[in-house]
Amino acid sequence: MLIAIDGPAGAGKSTVARKLAGLLGYNYVDTGAMYRAVTLIALTSNVSIHDTEALTRLAEELEIRFERGANDETLVIANGRDVTRDIRTPEVSRFVSLVAQVPGVRGHLTDKQRTMAGLGQVVMDGRDIGTVVLPEAGMKIFLTATVEERARRRFFETAGEGYSISLQDHIDEIGTRDILDASREIAPLVQAPDAVVIDTTGKDPDQVVELILSLLRGG
Ligand code: DC
């Protein structure tokens, strides 16, 4: 069984996908982390964020794996280095939508995602999983929430990490990212016609996971 979870930034995809994978004993693949890893490597190795050929090469050469850390945290290991924290900085968040627009980057990362899903029993989250990466997925979920709620979640997530970003900055950043992600030419953020839409506004992750489990049980 392949489970695809798509939706905009802050809709709760990664928390829900990780919990669901843990409960089902499936592997969890965070595809946003893959775009973030390419962005981080570009920013830290003097590759211009506008050099599409160099970015494509970074995506092709990227070796990435997900490991379960303490407290059920998912560790992201890219090219042998633990980048779990570094891929979530405001700088990476600012540039990742640009990197995710590069066709060569998407092509290589999509190939890697399909390979990871090859063995089955995978929960994969992203923007184009149900539409492009795994159109054959047995269960497709599209998570949404209001911009304000999504910004509030990101605000609380980053508050503990020492970045001084206001709630309004988060609302602006998420709004801009939504537009870029939904309007790009290749694999834009759109709902698969056969996806089940869940609005997570006002719901905690456990409630959303429970809903998905009941769908899997055929309820
Ligand atoms: O889910 P996230 O915020 O970590 O995603 C980071 C960026 O990567 C986001 O701007 C959209 C992009 N992305 C994508 O284009 N396709 C995916 N499958 C996953 C993420």
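Coordinates for the structure precede this section.
These remarks concern the structure in this document. Quick caveat: nothing in here was measured; it's all calculated off a predicted structure. (Residues numbered from 1 in each chain as written. Predicted model: local features only at pLDDT ≥ 70, side-chain atom pairs only at ≥ 80, totals over all residues. Heavy atoms only, no water.)

A short note on the sheet that holds strand 3 (residues 64-68)
The sheet built from three strands is open, its strands ordered 3-4-5 with antiparallel pairing. A single partner strand is all that each edge strand has here, and the edge strands are strand 3 and strand 5 (81-82). One ladder, built from two bridges, connects strand 4 (residues 74-78) with strand 5; its direction is antiparallel. When the sheet's bridge partners are listed, A78 is paired in strand 5 with R81. (Pairing = 2+ DSSP bridges. Helix = DSSP H or I, 4+ residues; strand = E, 2+ residues; numbered from the N terminus.)

Points about the packing of helix 2 (residues 31-44) against helix 4 (residues 90-99)
Axis separation between helix 2 and helix 4 bottoms out at 9 Å; the angle between their running directions is 110°. If you check the angle between helix 2 and helix 4, you find them roughly perpendicular. Side by side, helix 2 and helix 4 meet where Y35, R36, V38, T39, L40 and L43 of the first sit next to E91, V92, S93, F95, V96 and V99 of the second. Residues that form the contact of helix 2 with helix 4 fall into these classes: eight nonpolar, two polar and two charged. (Axes fitted to C-alpha atoms, helices over the stretch in contact; angles between N-to-C directions. Parallel < 35°, antiparallel > 145°, perpendicular 65-115°, else oblique. Contact = heavy atoms within 4.5 Å. Nonpolar A, V, L, I, M, F, W, Y, C, P; charged D, E, K, R; others polar.)

A word on the site of the ligand
Taken together, 17 residues lie around the ligand, and R36, R106, R127, D128 and R184 are the ones closest in. Side-chain polar atom of R106 to an oxygen atom of the ligand: 2.8 Å apart, as the coordinates give it. In the environment of the ligand, an oxygen atom lies 2.9 Å from a nitrogen or oxygen atom belonging to the side chain of R127. In isolation the ligand exposes 450 Å². Once the protein is present, 97% of that is buried. Per-element accounting of the shell around the ligand gives the leading share, four residues, to helix 2. Residues belonging to the shell around the ligand are distributed by class as follows: four nonpolar, four polar and nine charged. (Near = heavy atom within 4 Å. Polar contact = N/O pair within 3.5 Å; in protein donor to acceptor, adjacent residues only side chain to side chain. Areas by Shrake-Rupley, 256 points an atom, 1.4 Å probe, with all protein chains shown as cover.)

So, the pattern of salt bridges
One pass over the structure, following the stated rule, counts 14 salt bridges. In this structure, the salt-bridge partner of D86 is R81, at a minimum N-O distance of 3.5 Å. According to the relative accessible area criterion, R81 is partly exposed, its value standing at 41%. As a salt-bridge pair, D181 and R184 come within 3.7 Å of each other at their nearest N and O atoms. For the pair formed by D181 and R184, the shared burial category is buried. Where salt bridges share partners, they join R127, D181 and R184 into one cluster. (Salt bridge = Lys/Arg side-chain N within 4 Å of Asp/Glu carboxyl O. Buried < 20%, exposed > 50% of the residue type's maximum accessible area, 1.4 Å probe, protein only.)

Let's talk about the sheet that holds strand 2 (residues 27-30)
One open sheet accounts for five strands, arranged 2-6-1-7-8; its pairing is parallel. Only two strands of the sheet have a single neighbouring strand rather than two, namely strand 2 and strand 8 (196-199). Across this sheet, the average inter-strand angle for adjacent strands is 20°, counted without regard to direction. By the bridge criterion, four bridges tie strand 7 (residues 139-144) to strand 8 in an arrangement that is parallel. By the bridge assignment, T144 is partnered in strand 8 with D199.

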